[in-house]
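A closer look at the structure
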Amino acid sequence: MRDKVKNFPTEKKLAYVNAFFNKILPVDDATKYNYDDYWATRKEFIIEGRGDCEDYVIAKYFSLIHAGVDQKKLRITYVKALRLNQAHMVLAYYPKPKSDPLILDNLIGQIKHASRRRDLSPVYSFNGYGMWLERMKGGSIKVGDPNRLNMWTDLLLRMEEQGLQVLLANPSQ
């Protein structure tokens, strides 16, 4: 996939990657792994052929980075899905640092601006450069290093063990 989308314009990359992974069947971690929460690597997600919201987001995030999208513009975003009344994860793409991000989500196929996703309430986001607390009225506050998230560091270690190229920034940059 990486070679196929490498020369696409960014919005077409987003649409292609979002549609590609959204074809994979959803399943919760308790059913799939017998764990309450497990963040699958992109490789595990594709091989297993099913996953939960974190698995979709992680696969999309690393696929877009490998396709040449600047990871500073991507954030893995923890939200509350209001209609479902549950925690959920989506991928946010910020064309410019303080712009209204585009949301890539496995619950709906269409990519929409965050301001049009009234069904989601953002909580926090992160990428290889940092972690942010999200505010209801827009904007965010940088609160530190994503390596404070145990699930994230465990995911990165497993990716390295699987021989996957991580391509992450040094958060201190």
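We now turn to the structure provided with this report. (Residues numbered from 1 in each chain as written. Predicted model: local features only at pLDDT ≥ 70, side-chain atom pairs only at ≥ 80, totals over all residues. Heavy atoms only, no water.)

Of regular secondary structure, the chain possesses 6 helices and 9 strands. Taken over the C-alpha trace, the chain has a radius of gyration of 15 Å; the compact-globule value for 173 residues is 16 Å, and the two agree within 12%. When its C-alpha atoms are laid out on the principal axes, the chain stretches across 40 × 35 × 30 Å. Taken across its 173 residues, the chain has 44% of its residues classed as buried. (Helix = DSSP H or I, 4+ residues; strand = E, 2+ residues; numbered from the N terminus. Rg over C-alpha atoms; globule rule 2.2 N^0.38 Å. Buried < 20%, exposed > 50% of the residue type's maximum accessible area, 1.4 Å probe, protein only.)

Further remarks concern helix α6 (residues 150-161). With 12 residues, α6 should reach 16 Å at 1.5 Å per residue; the first-to-last C-alpha distance of 17 Å fits that figure. For α6, the full list of buried residues reads Trp152, Leu155, Leu156, Arg158 and Met159. Seen along its axis, α6 keeps its buried residues to an arc of 165°; they face one direction. Summarising the geometry of α6, the exposed residues directed more than 90 degrees from the buried face are Asn150, Leu157, Glu160 and Glu161. Taken together, the buried residues of α6 touch α4 (42-48), α5 (53-66), β3 (74-81) and β7 (120-127). Immediately downstream of α6, the backbone of Gly163 shows phi near 75°, a positive value. (Expected span 1.5 Å × (residues − 1). Arc of directions from axis to C-beta. Contact = heavy atoms within 4.5 Å.)

For the rest of this paragraph, the subject is the packing of helix α2 (residues 10-22) against α5. Running from N to C, α2 and α5 cross one another at 145°; their axes reach a closest spacing of 10 Å. The element α2 and its partner α5 pack so that their crossing is right-handed. Of α5, the residues touching α2 (which contributes Lys13, Leu14, Val17, Asn18, Phe21 and Asn22) are Tyr56, Ala59, Lys60, Ser63 and Leu64. Split into classes, the residues belonging to the contact of α2 with α5 amount to 6 nonpolar, 3 polar and 2 charged. (Axes fitted to C-alpha atoms, helices over the stretch in contact; angles between N-to-C directions. Left-handed = near helix turned anticlockwise from the far one by under 90°. Nonpolar A, V, L, I, M, F, W, Y, C, P; charged D, E, K, R; others polar.)

In a beta sheet, neighbouring strands pair by backbone hydrogen bonds and run either parallel or antiparallel. Taken together, 7 strands build an open sheet; the order of strands is β6-β5-β4-β3-β7-β8-β9 and the sheet is antiparallel. Looking along the sheet, the strands with just one partner apiece sit at the ends: β6 (112-113) and β9 (140-144). Strands β3, β4 (86-93), β5 (102-104) and β7 of the sheet are contacted by α5, whose axis makes an angle of about 10° with β4. (Pairing = 2+ DSSP bridges.)

Moving on, we come to the nonpolar core. Counting residues in each nonpolar core, the largest one holds 31 residues, and the members touching the most others are Phe126 and Trp152. Secondary-structure elements contributing two or more residues to this core are α2, α5, β3, β4, β5, β7 and α6. Here the element with the most residues in this core is α5; it accounts for 9 residues. Apart from residues lying up to four places away in sequence, Phe126 is in contact with Trp39, Arg75, Ile76, Met89, Met131, Trp132, Pro146, Leu149 and Trp152. Ala81, Ala92, Tyr94 and Leu120 belong to the second largest nonpolar core, which has 7 residues in total. (Core = buried A, V, L, I, M, F, W, Y, C linked by side-chain atoms within 4.5 Å.)

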